[in-house]
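# Summary of the model geometry
In case you want the letters, here they are:
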Amino acid sequence: MAISRPEPRRRLKLPRNLPGGQRPQPYSRVDAPYFRSPGFYVRIGGLAIIVAAGVSLLLLRAWSLQVLHGRQYVHAAKTQAFRTVDLLGSRGAIVDSRGRVLAGTTGHVVIEADAASLGSRNAHGIWSPSPAGVRALRRLGRLTGHRWGILAARIKSSVLHSPFAPAVVIAQPKTELTSYMQERGGLFPGFKVGVEDTRSYPQGSFGSEFLGLLGEISQHELKAGTYKQAKAGEVVGQSGVEAAYDHILNAGFVQAKIPVDSFGRIAGALRVPPEKQPPSLQLSIDTRLQRAAQQALLYGMAQSRLNGHSPTGASAVAIDPWTGAIKAIVSYPTFSQKLAADNPNYYARLSKETQTTPLLNRAIGGAYPTGSTFKPIIAEAALSAGIIGPGTPLSCTGSFALGDTVFHNVDPGVNASMTLPTALEESCDTWFYRLGALVYAHDPQAQGRLIQDWASKLGLGRTPAGDLTGATSGYLPRPGAYFTKRFGFPWTEGQTINLAIGQGALQVSPLQLAVAYSALINGGKVVQPHVGEAVIRNGVKSRLPFKPVRTLKLSPNTWAIRQGLYMAANDPGGTSYPVFAGFPLKVAGKTGTAEPDPVSSWYASWAPYNSPKLVVVANVEHGGFGAQAAAPIAKKIYAAYFHLKG
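Residues numbered from 1 in each chain as written. Predicted model: local features only at pLDDT ≥ 70, side-chain atom pairs only at ≥ 80, totals over all residues. Heavy atoms only, no water.

### Topic: the overall build of the protein chain
Of the regular secondary structure elements, the protein chain holds 23 helices and 24 strands. In the protein chain, which comprises 646 residues, the share counted as buried stands at 46%. In the protein chain, the proportion of contacts linking residues at least 24 apart, taken out of those at least 6 apart, comes to 68%. (Helix = DSSP H or I, 4+ residues; strand = E, 2+ residues; numbered from the N terminus. Buried < 20%, exposed > 50% of the residue type's maximum accessible area, 1.4 Å probe, protein only. Contact = heavy atoms within 4.5 Å.)

### Focus: the state of the cysteines
Within this structure, the stated rule accounts for one disulfide. With its sulfur 2.0 Å from that of its partner, Cys396 forms a disulfide with Cys428. Negative torsions about the S-S bond denote left-handed disulfides, and the value of about 105° found for Cys396 with Cys428 makes this one right-handed. Of this pair, Cys396 sits in strand β14 (residues 394-397) while Cys428 sits in the loop between α15 (420-426) and α16 (429-442); the two residues are 32 residues apart in sequence, bridging distant segments of the chain. (Disulfide = S-S within 2.5 Å.)

### A word on helix α4 (residues 131-144)
The end-to-end C-alpha separation of α4 is 20 Å, in line with the 20 Å expected for 14 residues at 1.5 Å each. Among all positions of α4, only Gly133, Val134, Ala136, Leu137, Leu140, Gly141 and Thr144 are buried. Taken around the axis of α4, the buried residues stretch over an arc of 165°, which confines them to a single face. Along α4, the residues that are exposed and aim more than 90 degrees away from the buried face are Pro131 and Arg142. (Expected span 1.5 Å × (residues − 1). Arc of directions from axis to C-beta.)

### Comments concerning the pattern of salt bridges
For the structure shown, the criterion picks out 11 salt bridges. Glu242 serves as the salt-bridge partner of Arg91, at 2.8 Å between the closest nitrogen and oxygen. Linking Arg91 in the loop between β1 (82-88) and β2 (94-95) with Glu242 in helix α8 (residues 240-244), this pair joins segments that are 151 residues apart in sequence. The exposure class of Glu242 is buried, given its relative accessible area of 0%. The salt bridge involving Arg91 is made with Asp246; its shortest N-O contact spans 2.7 Å. Placement of the pair is Arg91 in the loop between β1 and β2 and Asp246 in helix α9 (residues 246-249), with a sequence separation of 155 residues. In terms of burial, Arg91 and Asp246 fall into one category: buried. What emerges from the salt-bridge pattern is a single network uniting Arg91, Arg199, Glu242 and Asp246. (Salt bridge = Lys/Arg side-chain N within 4 Å of Asp/Glu carboxyl O.)

### Quick look at the pairing of strand β19 (residues 532-537)
Bridge analysis of strand β11 (residues 280-283) against β19 gives four bridges, and the strand direction is antiparallel. Pairing of Gln282 across the sheet is with Ala534, part of β19. Judged from the four bridges that link them, β19 and strand β20 (residues 540-543) form a sheet pairing that is antiparallel. Residue pairing in the sheet places Ile536 in a bridge with Lys541 of β20. Connecting β19 to the antiparallel partner β20 that follows it, the hairpin turn spans two residues, and Asn538 within it adopts a positive phi of roughly 55°. (Pairing = 2+ DSSP bridges.)

### Structural notes on the nonpolar core
The nonpolar side chains of a soluble globular protein tend to be buried, and buried together. Counting residues in hydrophobic clusters, the biggest one holds 88 residues, and the most contacted among them are Leu283 and Trp431. The leading source of residues in this core is helix α20 (residues 510-521), at nine residues. Counting residues in each nonpolar core, the second largest holds 31 residues, with Ala293, Ala607, Ala634 and Ile637 among its members. (Core = buried A, V, L, I, M, F, W, Y, C linked by side-chain atoms within 4.5 Å.)

### Remarks on the environment of Glu380
Tracing the backbone through its elements, the reader meets Glu380 in helix α14 (residues 375-384). A residue is classified by how much of its surface remains accessible, and Glu380, at 0% relative accessible area, is buried. C-alpha of Glu380 to C-alpha of Pro556: the two residues are 176 residues apart in sequence and 10.0 Å apart in space.

### Here we look at the packing of aromatic side chains
For the structure on display, the rule yields 18 aromatic pairs. Seen in terms of ring centroids, Phe483 and Trp491 are 5.0 Å apart; in terms of plane orientation they differ by 75°. Their pairing is edge-to-face. Considered together, Phe483 and Trp491 belong to a single accessibility category, that of buried residues. Taking the centre distance of 4.9 Å and the plane angle of 85° together, the rings of Tyr641 and Phe642 count as edge-to-face. Residue classification places Tyr641 among the partly exposed residues on the basis of a relative accessible area of 23%. An aromatic cluster is present here, built from Tyr475, Tyr482, Phe483, Phe487, Phe489 and Trp491 joined pairwise through their rings. Above the face of the Trp454 ring, Lys457 is positioned so that its terminal group lies 4.7 Å from the ring centre. (Phe/Tyr/Trp six-rings, centres within 6.5 Å; stacked < 30°, edge-to-face > 60°. Lys NZ or Arg CZ within 6 Å of the ring centre and 35° of its normal.)

### Description of the sheet that holds strand β13 (residues 326-332)
Adjacent strands of a sheet pair through backbone hydrogen bonds, lying either parallel or antiparallel. Across the sheet, five strands lie side by side as β13-β12-β24-β23-β22; this open sheet has antiparallel pairing. Looking at strand neighbours, the two that pair on one side only are β13 and β22 (588-594), the edges of this open sheet. Neighbour-to-neighbour, the strand axes of the sheet open up by a mean angle of 5°, direction not taken into account. Docked against the sheet, helix α23 (residues 630-641) engages β12 (313-319), β13, β23 (600-607) and β24 (614-621), running at close to 145° with respect to β24. (Axes fitted to C-alpha atoms, helices over the stretch in contact; angles between N-to-C directions.)

### Side note on the packing of α14 against α20
The contact between α14 and α20 brings their axes to 11 Å, and the two run at 40°. Relative to α20, α14 is oriented oblique. The interaxial crossing formed by α14 with α20 has left-handed handedness. Along its contact with α14, which presents Pro376, Ile377 and Glu380, the element α20 presents Leu513, Ala516, Tyr517 and Leu520. Residue composition of the contact of α14 with α20, grouped by class: six nonpolar, no polar and one charged. (Parallel < 35°, antiparallel > 145°, perpendicular 65-115°, else oblique. Left-handed = near helix turned anticlockwise from the far one by under 90°. Nonpolar A, V, L, I, M, F, W, Y, C, P; charged D, E, K, R; others polar.)

### Overview of unusual backbone geometry
For residues besides glycine, phi is generally negative; the peptide bonds are generally trans as well. The linkage connecting Tyr332 with the following residue, Pro333, adopts the cis geometry, with an omega of 0°. Locating Pro333 in the fold gives a position in the loop between β13 and α11 (337-342). Omega for the bond connecting Ala607 with Pro608 falls within 30 degrees of zero, at -15°, which places this linkage in the cis form. Within the secondary structure, Pro608 sits in the loop between β23 and β24. Even without glycine at this site, His622 takes up a positive phi of about 55°. Looking at where His622 falls in the secondary structure, it is placed in the loop between β24 and α23. Despite not being glycine, His643 has its phi angle at roughly 55°, a positive value. Turning to its location among the elements, His643 is positioned in the segment after α23. A relative accessible area of 53% places His643 in the exposed class.

Take a look at the structure:
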């Protein structure tokens, strides 16, 4: 078998230059046909597509990171280096009608603990002290008189609630303690003297009837959505204007930042951003008049005692009859707003007091039979229905009999024929008993509901609209199954006659009566009683709107009611004439003496008579006749409001 041998290599010497000065170029006779073949261009084109696609994907990803998700990743990067700490912000100020601060914000000294230097948290976020931390806590406990376990529990609770915020271990340290710790800070590693915002009351123990209290939001309030924007741990208004205007006064948490390392350990100081000034709330309350009204209550109760009675409480409200703005609202017994805010134990004791009930604002939450102050309301009902006119005569006698029931008058010897103005002036009970009988007979099937209908339109038996929390709806008795179930007997004509002079099951607050009287003198506008007047933001005042609840069409003869109440205070035969005789201001008002014994003293009024500027309603529990206790209170309030001396 023959074996082929490769041809011997031949050496060929090429010339250095070709004709024309060109140099020879290397040439592969094996690959030369492929360079310009279709397969060559297919591969090159495919490679170009792959490279272009890769570059496009990189560009799209970069665009997505930078544009679409840029903010998200920036935030994530920052949160890896910082933790957010929620700190309670300053609360908006509350000022009176003249701009005097009633409730502000100030800083108070606290002892704070650095939880990270005193211990550590486990995987569940539960903090526990280190051996060095226990020693530091024991040292502070010996100095303050607190057990170290209590101090540790406070830190543990604070860390669980807000892991990176300073933990307050002593909320109200004595001045001596803070001075000592500031001078010897090195002896107490992990502790420092700090400052925390708190509510301040420049007027002292003032305004408990309307300011209200603050407290940490409860789980129930969070679930109920009472405060929609609030978070757990936030301090919110619990009563009064603090609650009604929490959405204005409460700035929420301040979002502070604290640097941390990759293990979540604190790596720097807390960074608190500059806080915006929250808006202020201006009230319609006049501080000077409020203080005068407080003194007037004490004076009225003293007058009641001089007349042999034993008053248990008193209240008064003074409002603008055209707008419903409350100028003063007072209640006695009361409590110290400042102490209640600063001392939880003091407030707890008040809550347990059931005899004097100092937490009850009697002006809006107390409900009583009105006595004769109800008479203008039944008069308006009868005038509007055409049952009587201003000159309709009815008998005023010592008694009025309905079947076997005899209703008595205060003056048993009287026997006269009177029209409406005179009956109001002298407050003749039997005249209004007869009027109640006329109303009942006008539509027997309605069982006298005309009286309740008008009383309800004027605001009785309803919770007053407005911004005061704790206002009662009272009780307006009327025929029906509810009355029968409640009292065990059906509604009768006798119930209507008793209601005609504000007796029986009727329950009304001084505020409700003030709203009703305002409507009788302002042309029928049922106003919204309120203490909030305006919101002040950056020096700009915006008034709060309080439109009338409804507008009633009063009788064209309502003037007879107003005239009768003027005569009651200014004519010698009037029930409050002994109080206002010689008073330089023309007052119109109605006394009320509500039974059963011991009787409650009422006075509902306005002044000046021809151009009303203020409605004042006063009540003294078990205070005797209206002219003995309640009317003197109203007189002193008018004197203060109109700057009358002597």
